[in-house]
Amino acid sequence: MNTAGHSEATERRGLELTPFRGLRYDPDRVGSLAAVTSPPYDVVVRPDGVNHLQSADPHNIVRLILPQAGTPSAGTEQAADTLHRWQAEGILTTDPEPGLYVYEQHDGNGMLQRGVIGALRISEPSEGVVLPHEEVMPPVVADRAALMRATSANLEPLLLTYRGNGAAAEVVEATAARPPLLATTTEDGFRHRLWSITDPAEVARVQSDLSHHQALIADGHHRWATYLRLRAEHTSPSPWDYGLVLLVDTARYPLRVRAIHRLLHGLPVADALRAVEGLFRVRRLDVPLPKAQEALADAVCAGNAFLLAGDGAFHLIDRPDPDLLARTIPADRPTAWRTLDATVLHATLLDHIWHIPEDSPAHIAYIHDTAATVAKAERHGSTAVLLHPVREEVVRDLARQGVTMPRKSTSFGPKPASGLVLRALDA
């Protein structure tokens, strides 16, 4: 084997993370750092989520990532004006020198996650460097692209994972032993700390190690698709060749993988159950949510299973008719994809039985919080479909085969808080 040639190919295929001058809140100009943070834009699930965050502090990051205005174009213009005003007023200030950032989340109950934030070279899926595992919804990509164009900024980092346990992890651990740039505890009980890596030797160690690895998109498929779209709109080289990411080494810090549930607007549970009669086994469970989830976990060991809720009880549907699956699920995909609960949900239940378009907000909502999904279904007479999470190994294996899962199939976490460090593309 030509060792030199092989090494060059490995370098070319690997992750290319670069330092940047972080744009951060001046803690002396805001009520508290916790009060200006937000979950990622697509995880604000409270019925009054945006209002709650806006009222927490007049400078909360939600005013940038989810601007509220009469029209989408007015919203993006408003976000750009707000960002530039906060920069002019010194609410947001740019760090004096470029660096990578070590970010830590700790819930006080054993969940500790550390990773490195930087500007990652954007690559096509065909390059095998950054692996997507879910399909995206074009309207969401268009919305995020308009916002990034208007603000000329990456407002929140994507969450990517890799498996390394090498030099980059060593630098992360050594950095976390130093005093942080900032530390705050958000209302969910998570403590957040941030450090910068500016020493050229340490930055080089991280970059060299990462250049031998590929990453899986854990959270942020729509924003990665947005990065790709915006890169294509600009002549390279440009700042748009890179996008803001948090890279977590899951060999050190395994992520939690949770399901994303579906809320089917306007479909009462009785109608949903009537439609699956004879096609799935149906069992009513008059038990609390945790017990119902245990029953779901047991059922998925034997095959596809789902919990329906919204009428005050839980209904476990499992053991789908094999002939039904054969008729409704595409045969030209790997078995691991064809047997996913999310595949059966979308191809068989949503498309074939319930006739619900998966990309219509008027018909379906995707919600991360299990109890919130059930509560909304009961409040509006709709059907909640609760799923059991997929294992990370299954997700990674499919991604390496170039097979994308149905949209919103997984929720990796904990997710990085938005608002701790931003990237201005003109900095």
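If you're wondering where the values come from, they're calculated on a predicted model, not measured in any experiment.

**Examining the confidence of the model for the chain**
Alright, step 1. Scored by pLDDT, the chain has a mean of 91; 94% of the residues are at 70 or more.
Alright, step 2. Counting interchain partners and residues more than four positions distant, the pLDDT-below-50 stretch residues 1-11 has five contacts.

**Some points on helix α4 (residues 72-89)**
Alright, step 1. The end-to-end C-alpha separation of α4 is 26 Å, in line with the 26 Å expected for 18 residues at 1.5 Å each.
Alright, step 2. Against β2 (23-25), α3 (62-65), β3 (92-94), α5 (138-151) and β7 (153-154) lie the buried residues of α4.
Alright, step 3. Backbone geometry just after α4 places G90 at a positive phi near 80°.

**Here we look at the pairing of strand β18 (residues 364-367)**
Consecutive side chains of a regular strand alternate in pointing toward one face of the sheet and then the other.
Alright, step 1. Neither face of β18 is left uncovered, since the one carrying I364 and Y366 and the one carrying A365 and I367 both have all their residues buried.
Alright, step 2. Bridge count between strand β14 (residues 261-264) and β18: four bridges; the pairing is antiparallel. Pairing of H261 across the sheet is with I367, part of β18.

**Focus on the sheet that holds β14**
Alright, step 1. With antiparallel pairing, the six strands of this open sheet are ordered in space as β15-β17-β16-β19-β14-β18. Each having just a single partner strand, β15 (281-285) and β18 make up the two edges of the open sheet. The sheet shows a mean angle of 25° between the axes of neighbouring strands, direction not considered.
Alright, step 2. Of the strands in this sheet, β14, β16 (305-309), β17 (314-318), β18 and β19 (383-386) are in contact with helix α13 (residues 341-354), which crosses β16 at around 55°.

**Observations regarding the environment of A183**
Alright, step 1. Topologically, A183 is positioned in strand β9 (residues 182-185).
Alright, step 2. Sequence separation between A183 and P357 is 174 residues; the distance between their C-alpha atoms is 43 Å.
Alright, step 3. Here A183 is in contact with H192 and R193, once residues within four sequence places are set aside.

**A few points about the nonpolar core**
Alright, step 1. L247 and W354 are the most contacted members of the largest nonpolar core, which totals 110 residues.
Alright, step 2. Once you skip the residues sitting within four places of it in the chain, W354 turns out to touch L264, L267, A272, A275, V276, L308, L345, L349 and V385.
Alright, step 3. The next biggest cluster of nonpolar side chains, apart from the first, holds 19 residues, and it includes A299, L316, A365 and A384.

Reading the values: rules and limits
Residues numbered from 1 in each chain as written. Predicted model: local features only at pLDDT ≥ 70, side-chain atom pairs only at ≥ 80, totals over all residues. Heavy atoms only, no water. pLDDT = per-residue confidence, 0-100. Contact = heavy atoms within 4.5 Å. Helix = DSSP H or I, 4+ residues; strand = E, 2+ residues; numbered from the N terminus. Expected span 1.5 Å × (residues − 1). Buried < 20%, exposed > 50% of the residue type's maximum accessible area, 1.4 Å probe, protein only. Pairing = 2+ DSSP bridges. Axes fitted to C-alpha atoms, helices over the stretch in contact; angles between N-to-C directions. Core = buried A, V, L, I, M, F, W, Y, C linked by side-chain atoms within 4.5 Å.

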